[in-house]
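Examination of the molecular architecture
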4 protein chains.
Amino acid sequence: MKIPVGIVGISGYTGLELVKLLLNHPHFELSYAGATSQNELKDIFPSLAGVINLKVEVADVSEIKKRCNLVFLALPHTEGMKIVKELKGSNIKIVDLSADYRVSLENYEKNYCPHLDPEGIKSAVYGLIEINRNKIMGASLVANPGCYPTCSLLALLPFASMLESKFGVMIDAKSGLSGAGKSLKASSHFVSVNENMNAYSPLTHRHSDEIKEHLNLNSDANLDVMFVPHLIPLTRGMLVSAYAVLKGEFKDIQPLEILREFYKDEPFIRIRNEAVSIKNVAGTHFCDIYAINKNGKLWINGGIDNVLRGASSQAVANANLMFGFDEKLALPMLSSQI
Amino acid sequence: MKIPVGIVGISGYTGLELVKLLLNHPHFELSYAGATSQNELKDIFPSLAGVINLKVEVADVSEIKKRCNLVFLALPHTEGMKIVKELKGSNIKIVDLSADYRVSLENYEKNYCPHLDPEGIKSAVYGLIEINRNKIMGASLVANPGCYPTCSLLALLPFASMLESKFGVMIDAKSGLSGAGKSLKASSHFVSVNENMNAYSPLTHRHSDEIKEHLNLNSDANLDVMFVPHLIPLTRGMLVSAYAVLKGEFKDIQPLEILREFYKDEPFIRIRNEAVSIKNVAGTHFCDIYAINKNGKLWINGGIDNVLRGASSQAVANANLMFGFDEKLALPMLSSQI
Amino acid sequence: MKIPVGIVGISGYTGLELVKLLLNHPHFELSYAGATSQNELKDIFPSLAGVINLKVEVADVSEIKKRCNLVFLALPHTEGMKIVKELKGSNIKIVDLSADYRVSLENYEKNYCPHLDPEGIKSAVYGLIEINRNKIMGASLVANPGCYPTCSLLALLPFASMLESKFGVMIDAKSGLSGAGKSLKASSHFVSVNENMNAYSPLTHRHSDEIKEHLNLNSDANLDVMFVPHLIPLTRGMLVSAYAVLKGEFKDIQPLEILREFYKDEPFIRIRNEAVSIKNVAGTHFCDIYAINKNGKLWINGGIDNVLRGASSQAVANANLMFGFDEKLALPMLSSQI
Amino acid sequence: MKIPVGIVGISGYTGLELVKLLLNHPHFELSYAGATSQNELKDIFPSLAGVINLKVEVADVSEIKKRCNLVFLALPHTEGMKIVKELKGSNIKIVDLSADYRVSLENYEKNYCPHLDPEGIKSAVYGLIEINRNKIMGASLVANPGCYPTCSLLALLPFASMLESKFGVMIDAKSGLSGAGKSLKASSHFVSVNENMNAYSPLTHRHSDEIKEHLNLNSDANLDVMFVPHLIPLTRGMLVSAYAVLKGEFKDIQPLEILREFYKDEPFIRIRNEAVSIKNVAGTHFCDIYAINKNGKLWINGGIDNVLRGASSQAVANANLMFGFDEKLALPMLSSQI
């Protein structure tokens, strides 16, 4: 029998991607779909007509408790922790895709708002598998990392302890529009986006501190992070270019060798021999990485599918581990591009 | 043990899509990849790095004979029939994605060039499953339909015998750029295509006569076809708007009822309640159809993924039938869009 | 001294294009900008920073009366006629870009809503210059045609009297997203539009009856119109493919000759020798047309910039004529594409 | 009488843009168009049909000498200097859009190939008006800057002497596809570019040393440059994000004030109050700049139209100055976007 799984916040992009991933999962079965209003799933996502029939219900914790062993919270921040709190004490495992449990209380309250569940933060595990695999295995609450932090951390962590802290790291990130979510904003109108590009929230984006916290937590570094995300006219995909200065003793490193060694057992990290192309990771769980050391200055280049590796497939990978399954189950490896 | 399968012409878009489909197939195994030059598959398609290791060989019929029970020919016209001829007498089943066996000798030589295998045309089955399912099951050579004919015929066939032949059908089709192939042409340059659209080969496109032949062959109609394809700035997807006049006795038909009845047992035809969106079929084997009768004039609207339902997944569906498998095996149902 | 000109509804796409055209006009000067709220023009359109400083005022008819000799109403339907009514009796010439005066009372109330100014309809001139040049010269109220009607009528009118009325005309139209306006709709979100295409309002779009009325009014024809517009992932541009059957006596016409003769004195109609490309008309006032007669069946292909020839530059052309100026003043001829 | 002007290399994107700019110029008249083969200009650029009739000739220096007082060389590197050499001694003023005279001999031969005209380099003026206005006025040979250097230098020069040389500057640049030119390459195919993005020539792009040379030449700085350009799926536009560390004594500067002061008399530099949007500069000669100082670390953000300010309109601006005209003549200020 399959494990009954719920998704709360099913009507957004990450909700849809979770549904599609679960449809291919051998052990999980989507049994509960919650949103802010009732609907047929195929009316929200007409592409699912003829594929799955499921009623979307008004999200209700008592139903989740009755009908799920695992729940994905695909919600805006603050909405995630409300449900986590209500589920406390149940045996339901939770992967929270909101920002609510990703960073320290201090970091959270600086960037978001007062936290409703400070205790929860301590027990939550940051769901970046390549770093926290073992902790995730025993976790009942996993905070699914943000998309920019996922890509930035995977690119930077192998080098963190080799970098000049005086300079820190400069991260120039580029994301497709799915990262901006489904809600209607002037900045997401086709006419605004098409034939345009621009930085947004430069140096103030909330993911900046998420990157910094986990970069320093997972290394002996104490690096400052300058983070500038850009909006790019495509739907799916995220590219990171990180710039840093190597400490004197590391100024001659071969970054590709370091990357290959660091990630040698990782099935979803590919070290490339040339600059990363989003085409190769779109539709997959892969993170592609490339790097160059030029006279002691380092350029690191990473790319992911922001909705999958940066959200939904990472959430499924975390759930796989939490239930002791092969972490690769149902994770997509084939690019949707040609 | 899986059935060993070859692809000749693997370096194009349809070759890549075939590879990806076969990687998910429970009974077929890609054992031979032929092209015009030697290479690593992952060097042609960097998205396949970490997924499959396969050497691409210079296509050689004697190798195919030794190593394949099934071969997909993803080749330009004339190249398909050369290999088919050489494979004659072997037990290898063939799905030819070129134009070489799709139409009558006369029709072929009018639209393409002298045919090298007129006998072959007679034994080949036109691989439009919804129409020729039984014939395909026994076939050893299947001619995989063109993309425009696939979408146009699926939209039109339920109505063919109801249409005024004096008027015929007017087909206004729109395709994404993958339909134009991977070769470098001024008309495929990003700067040419982006923020542009235009008809091409209006009323003279070769698919016009393919549509006409099979439309009349599969009905008691004798309809002329006006066919105008358009190039649209997107990668994947094909939309057909067909216009026709209903004969007097059919002027009050409910086209959606007719469609639902005609396709009631078909798992990959979805009758929609509103105009078709490419988003819903992109990445899938589905053909979505919608139609309106307005005072005896009919508008029929169909949409497919041109590289999948219009080429590679249709080829796999044909192969499934030729080997007696469930035709749905490995056919994608989940849109790659969000 | 230049003629003082106002724009009401300046914050939309047509408002912006009007501003840009007027900045290049030798005789008109933008002196009044009205919208629903106060603002700096450069704050609504940051591209105008360093180019023009103008306060946008809450639209107020008494101000218009004091400060303008000409006003462009770039408003939604019903909003146009409210202002027209209030301006009655003044000497201010009006180009109304809304739908309010484009069609007969009956046609309007069928497609829109009750009309507030039925008398006005009679005095308004339909501003399709190639057809109504002389009437426009003496007009004080010009109804600027819809974008689809502009392109469809220019393509069809030369042939209207030659077409089989039993069949009518089938118009398959494709538009970029600017045609859908600046307001925030799920169907205009970048992620919805990108890599998608679809018909909308098939056979029921309001422009259908506008086309039909003026097609029959300006010819001895009595043609029915089947009109299906499609949304295409680009910003600017509109393509029309019209299908029709020629009457017996016209079945051998050379359509390019007819077009060249019909438009021989027109500076902004270009008869092409191949299918129309949107690239060539984007950013200009041109309408490009091409046509083929195949055995008595006709395909006519027209293309315009929907925001310019289909709205703002057509409005300026009308204003030029209303004031007795050379109609070509300030009309753009150079494509914005490369 | 207007000054007769030639363009050599008219069939590329910069050639087309030059034609369009010259059509609006009050004092220059396009009298000579050279390319590698004979043609009608409107057959190369169908958008110019009905606008200009001009024969394109096989480029021939003796004709240029007879018929031009000014010539724009819109040619690949090495082709530019060949013609410059042949024109030596004539009175013809030259704006060379190739790379041939932009940098020192050493820098050139490191990045390109042996130089054919080392003397010429010394007499050529680097045509970045905001820096070299006076020198350009007296010049007979102007080297039109590269697109990336134009945008990077305009963003960086106001700060060059304030930056920590140990760190240097990290320039993350993004360009639309027009920057890759009109020639057919796999990397410019629509299907490759659409829904993709990637860095190219990271840290090795030839513009890197052009930026470095002029950055240090025009300041007392000695800064190293890490330059990584990216290909973005849009046609027109270039964005630069530059990262640097301020020297201790400058760690509290207000970068917007510095920019406003530095460029206070410049009509085509706009200092923005938020991150630069390509939409605002597309189709214009403007360079928009924005910057933030965060704890002594600086982010500078610049944007231009790569084909205009990064090539053709900059060339016209240089020509304006060389002939003593108002430098603003014919330079576009109105964005082509809405």
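Residues numbered from 1 in each chain as written. Chains lettered and ligands numbered in written order. Predicted model: local features only at pLDDT ≥ 70, side-chain atom pairs only at ≥ 80, totals over all residues. Heavy atoms only, no water.

This part takes up the overall build of chain A. A count of helical and extended segments in chain A gives 13 helices and 15 strands. Taking 338 residues into account, the globule formula puts the C-alpha radius of gyration at 20 Å, and chain A, at 19 Å, falls close to it. If you line up chain A on its principal axes, its C-alpha atoms span 60 × 45 × 35 Å. A burial count over chain A gives 67% of its 338 residues as buried. (Helix = DSSP H or I, 4+ residues; strand = E, 2+ residues; numbered from the N terminus. Rg over C-alpha atoms; globule rule 2.2 N^0.38 Å. Buried < 20%, exposed > 50% of the residue type's maximum accessible area, 1.4 Å probe, protein only.)

Now for the domain arrangement of chain A. Residues and elements named next belong to chain A. Entries for chain A in the domain assignment read domain 1 (3-144 + 311-322) and domain 2 (148-304). Each of domain 1 and domain 2 has a C-alpha centre, and these two points are 25 Å apart. Contacts between domain 1 and domain 2 engage 24 residues on the former and 20 residues on the latter. In this assembly, domain 1 packs against domain 2 so that about 2000 Å² is buried in total across both faces, 47% of it on carbon and sulfur atoms. Inspection of the region where domain 1 meets domain 2 yields four salt bridges. In this structure, E266 engages R133 in a salt bridge whose closest nitrogen and oxygen atoms are separated by 2.7 Å. Our enumeration of links across domain 1 and domain 2 arrives at 13 residue pairs in polar contact (both at pLDDT 80 or more). (Domains from an automatic or database assignment. Contact = heavy atoms within 4.5 Å. Buried area = accessible area lost by both parts, 1.4 Å probe. Salt bridge = Lys/Arg side-chain N within 4 Å of Asp/Glu carboxyl O. Polar contact = N/O pair within 3.5 Å; in protein donor to acceptor, adjacent residues only side chain to side chain.)

Attention now moves to the interface of chain D and chain A. Listed by partner, the interface residues are 47 residues for chain D and 48 residues for chain A. Between chain D and chain A, roughly 4000 Å² of surface is buried when both sides are summed, and carbon and sulfur atoms account for 63% of that area. Our enumeration of links across chain D and chain A arrives at four salt bridges. Note that D224 of chain A and K297 of chain D form a salt bridge whose closest N and O atoms lie 3.7 Å from each other. If you list the elements that add at least two residues to the side of chain D that touches chain A, you get β9 (169-175), α9 (190-193), β10 (198-199), β11 (225-231), β12 (238-245), α12 (278-281), β14 (287-294) and β15 (297-304) of chain D. For the side of chain D that touches chain A, the leading source of residues is β12 of chain D, giving six residues.

The phi torsion at T78 of chain A lies on the positive side, around 75°, for a residue other than glycine. Considering the arrangement of structural elements, one finds T78 of chain A in the loop between β5 (70-73) and α4 (79-87). With a phi close to 70°, A330 of chain C is a non-glycine residue in the positive phi region.

Attention now goes to the relation of the copies chain D and chain A. Put simply, the second copy of the chain is the first one after a rotation about an axis and a shift along it. It takes a turn of 180° to lay chain D on chain A, together with a shift of 0.0 Å along the axis; the resulting RMSD is 0.0 Å. Such a combination of turn and shift is consistent with a two-fold rotation axis. When the interface residues of chain D are mapped onto chain A, 100% of them are again interface residues, pointing to one common binding face. (Least-squares fit on C-alpha atoms with pLDDT ≥ 70 in both.)

On to the nonpolar core. Of all hydrophobic cores here, the largest spans 438 residues; its most connected members are F72 of chain A, F72 of chain B, F72 of chain C together with F72 of chain D. For F72 of chain C, the contacting residues outside a window of four places in its chain are V5, G6, I7, V8, L18, L22, V95, L97, A315, V316 and A319 of chain C. (Core = buried A, V, L, I, M, F, W, Y, C linked by side-chain atoms within 4.5 Å.)

The UniProt record annotates "active site" (unreviewed entry) at C147 of chain A. Exposure remark for C147 of chain A: the relative accessible area of 14% places this residue in the buried category. (UniProt positions renumbered as here; feature names shortened; annotations may be inferred.)

Along the chain, L334 of chain B falls in the segment after α13 (312-322). L334 of chain B sits 51 residues away from G283 of chain B along the chain, and the two C-alpha atoms are 6.8 Å apart. Dropping the residues within four chain positions of it, L334 of chain B is found in contact with K20, L23, N24, L48 and V51 of chain A together with G283 and T284 of chain B.

Counted under the stated rule, the structure contains 38 aromatic pairs over all chains. Considering the side-chain rings of Y108 of chain B and Y112 of chain B, the 4.8 Å spacing of their centres and the 20° angle between planes classify their relative orientation as stacked. Judged on exposure class, the residue Y108 of chain B and its partner Y112 of chain B are both buried. Here F28 of chain C and F323 of chain C contribute two aromatic rings whose centre-to-centre distance is 5.5 Å and whose plane-to-plane angle is 75°, an arrangement assigned as edge-to-face. (Phe/Tyr/Trp six-rings, centres within 6.5 Å; stacked < 30°, edge-to-face > 60°.)

Attention shifts here to the interface of chain A and chain C. Tallying the contact residues gives 18 residues for chain A and 18 residues for chain C. Three residues, L184, H189 and F190 of chain A, lead the burial of chain A against chain C; their summed loss comes to 47% of the area buried on that side. On inspection of chain A and its partner chain C, the count reaches zero salt bridges. Counting every contact that joins chain A to chain C gives six residue pairs in polar contact (both at pLDDT 80 or more). Taken together, the residues of the side of chain A that touches chain C break down into nine nonpolar, seven polar and two charged. (Nonpolar A, V, L, I, M, F, W, Y, C, P; charged D, E, K, R; others polar.)

Glancing now at the sheet that holds strand β13 (residues 269-271) of chain D. All names here are of chain D. Spatially, β10-β11-β9-β12-β15-β14-β13 is the arrangement adopted by the seven strands of the open sheet, whose pairing is mixed. The open sheet has two edge strands with one neighbour each: β10 and β13. Pairing between β9 and β12: seven bridges, direction antiparallel. For I171, the partnering residue across the bridge sits in β12 and is A242. The strands that helix α8 (residues 147-156) touches are β9, β11, β12, β13, β14 and β15; relative to β15, the one it contacts most, it runs at about 135°. This element, helix α10 (residues 207-217), spans β9 and β11 of the sheet and lies at about 135° to β11. (Pairing = 2+ DSSP bridges. Axes fitted to C-alpha atoms, helices over the stretch in contact; angles between N-to-C directions.)

The next subject is the sheet that holds strand β7 (residues 125-126) of chain C. Residues and elements named next belong to chain C. Pairing is mixed across the open sheet formed by eight strands, whose spatial order is β3-β4-β2-β1-β5-β6-β8-β7. Looking at which strands have only one partner, the edges of the open sheet turn out to be β3 (39-40) and β7. Across two bridges, the pairing between β7 and strand β8 (residues 141-143) is parallel. Bridge pairing links V125 to V142 in β8.

Next up on the list: helix α13 (residues 312-322) of chain D. All names here are of chain D. With 11 of its 11 residues buried, α13 lies for the most part within the structure. Buried within α13 are the following residues: S312, S313, Q314, A315, V316, A317, N318, A319, N320, L321 and M322. Phi turns positive, to about 75°, at G324, one or two residues after α13.

The next point concerns the UniProt feature "domain: Semialdehyde dehydrogenase NAD-binding" (unreviewed entry) in chain A. Within the UniProt annotation, "domain: Semialdehyde dehydrogenase NAD-binding" (unreviewed entry) is assigned to residues 4-139 of chain A. Between the end C-alpha atoms of residues 4-139 of chain A the distance is 18 Å, and the span holds 39% helix and 21% strand.

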